Amino acid sequence: MRPDADTRPGPATAPGAATPRRGAPADPTGPPDSAGVTGLSGAAGLTGFTDPTGLTDPTDIARVLLLRAARATPGTLDRLYHQGTAAERRAVLLALPYLPGIGPAAVPLIEDALRANDTRLIAAAVGPYAARHLGPHAWRHAVLKCLFTEVPVAAVAGLAGRARGDAELARMLTDYARERTAAGRPVPPDLHHVLALTAAGTEPGTEPEPAAAESPVTGPPAMEPAATEPSRTEPAATEEP
């Protein structure tokens, strides 16, 4: 035996497993790298939704998976939302479309997020759950809230479908644009985009039909968030004596 020969035992090999040749390329069918889950597609069956807000952050993905695995109830979601950090509150909002059986019970959480000025919360609040469960009045104000806080309207799930032929939304957008112009402020480019969507599918001289997605929903009625009015800031709610 040569003095420089390595006599240490090599790694254990499973019975019947072929020993790879030195210099052979790595097996492409082997285990994935340590990056873990890169998206919700195929992870714990969380499919069927397209979330415009992304869900590319591994922490967000992990929290959504945990909430789904725990089968979080509306009461649990309410407690986690109101007692959690901003990131945890956002995770609750992002998880709503993936939690079966919640129905419209979590609409108050969406309304609360839309009263905030945290743009990450607002973007999470206008996702697929809001598209499905927010009533027309609250949904229109959610769109205006995005324009007011400069959240890209690309975050609004189902925007084209719900905005199509919505004459009331068109009126609100026009009033907002006039108000901005009168104040010497620029009109957000996204406003023109949404305004064009409201005219889609309508003919001159005809009354636009309401979008199918705007059919009445059951559950708690949607309330108008005070902060969604673009002409003023969000005053604290007070009661008259």
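Computed from a predicted model, the values in this text were never measured in an experiment. (Residues numbered from 1 in each chain as written. Predicted model: local features only at pLDDT ≥ 70, side-chain atom pairs only at ≥ 80, totals over all residues. Heavy atoms only, no water.)

Novice: What is the right way to look at the overall build of the chain in this model?
Specialist: Across its full length, the chain holds 10 helices and zero strands. The N-to-C order of helical and strand elements in the chain reads α-α-α-α-α-α-α-α-α-α. Evaluated residue by residue, the chain yields a buried proportion of 37% over its 241 residues. Expressed as a percentage of contacts within the chain between residues at least 6 apart in sequence, the contacts between residues at least 24 apart total 72%. Split by element, the accessible area of the chain, about 14600 Å² in all, is 56% carbon and sulfur. (Helix = DSSP H or I, 4+ residues; strand = E, 2+ residues; numbered from the N terminus. Buried < 20%, exposed > 50% of the residue type's maximum accessible area, 1.4 Å probe, protein only. Contact = heavy atoms within 4.5 Å. Areas by Shrake-Rupley, 256 points an atom, 1.4 Å probe, with all protein chains shown as cover.)

Novice: Even after reading the chapter, I still don't get the packing of helix H2 (residues 74-83) against helix H4 (residues 107-114), so can you show me in this structure?
Specialist: Packed helices, taken two at a time, are described by the angle their axes make and the gap between the axes. Close contact between H2 and H4 brings their axes to 10 Å; oriented N to C, the two are set at 15 degrees. Viewed along their axes, H2 and H4 adopt a mutual orientation that is roughly parallel. The two elements H2 and H4 meet at a crossing, and its hand is left-handed. Here H2 contributes Leu77, Asp78, Tyr81 and His82 to the contact with H4, which in turn contributes Leu109, Asp112 and Ala113. Residue composition of the contact of H2 with H4, by class: four nonpolar, one polar and two charged. (Axes fitted to C-alpha atoms, helices over the stretch in contact; angles between N-to-C directions. Parallel < 35°, antiparallel > 145°, perpendicular 65-115°, else oblique. Left-handed = near helix turned anticlockwise from the far one by under 90°. Nonpolar A, V, L, I, M, F, W, Y, C, P; charged D, E, K, R; others polar.)

Novice: Sorry if this is basic, but what is going on with the side chain of Thr198 here?
Specialist: Take Thr198: it is sitting in helix H10 (residues 189-199). We classify Thr198 as buried; its relative accessible area is 7%. The contact partners of Thr198, leaving out residues within four places of it in the chain, are Ala163, Arg164, Gly165, Asp166, Leu169, Ala170 and Leu173.

Novice: What exactly am I supposed to notice about unusual backbone geometry here?
Specialist: It is generally the case that most residues other than glycine have a negative phi and that most peptide bonds are trans. Even without being glycine, Arg71 reaches a positive phi, approximately 50 degrees. Position of Arg71 relative to the elements: it lies in the loop between helix H1 (58-69) and H2. Among the residues examined, Arg71 registers a relative accessible area of 72% and is labelled exposed. A positive phi angle is found at Glu150, which is not glycine, with a value near 65 degrees. Mapped onto the fold, Glu150 is located in the loop between helix H7 (136-149) and helix H8 (159-163). Take Glu150: its relative accessible area is 70%, and that puts it in the exposed class.

Novice: Teacher, can you tell me more about the pattern of salt bridges here?
Specialist: Side chains that differ in charge, positive against negative, can pair when their charged atoms come close. Applying the stated criterion across every chain yields a total of six salt bridges. Across the pair Arg140 and Asp166 runs a salt bridge whose closest N-O atoms are separated by 2.9 Å. Taken as a pair, Arg140 in helix H7 and Asp166 in the loop between H8 and helix H9 (167-182) lie far apart in primary sequence, 26 residues in all. Overall, the relative accessible area of 5% leaves Asp166 in the buried class. Arg171 is paired through a salt bridge with Glu168; the nearest N and O atoms lie 2.6 Å apart. In this pair, Arg171 and Glu168 are both assigned in helix H9, three residues apart and thus about one turn of the helix distant. Owing to a relative accessible area of 41%, Arg171 belongs among the partly exposed residues under this scheme. Several salt bridges share partner residues, and in doing so they unite Arg89, Asp112 and Arg115 into one network. (Salt bridge = Lys/Arg side-chain N within 4 Å of Asp/Glu carboxyl O.)

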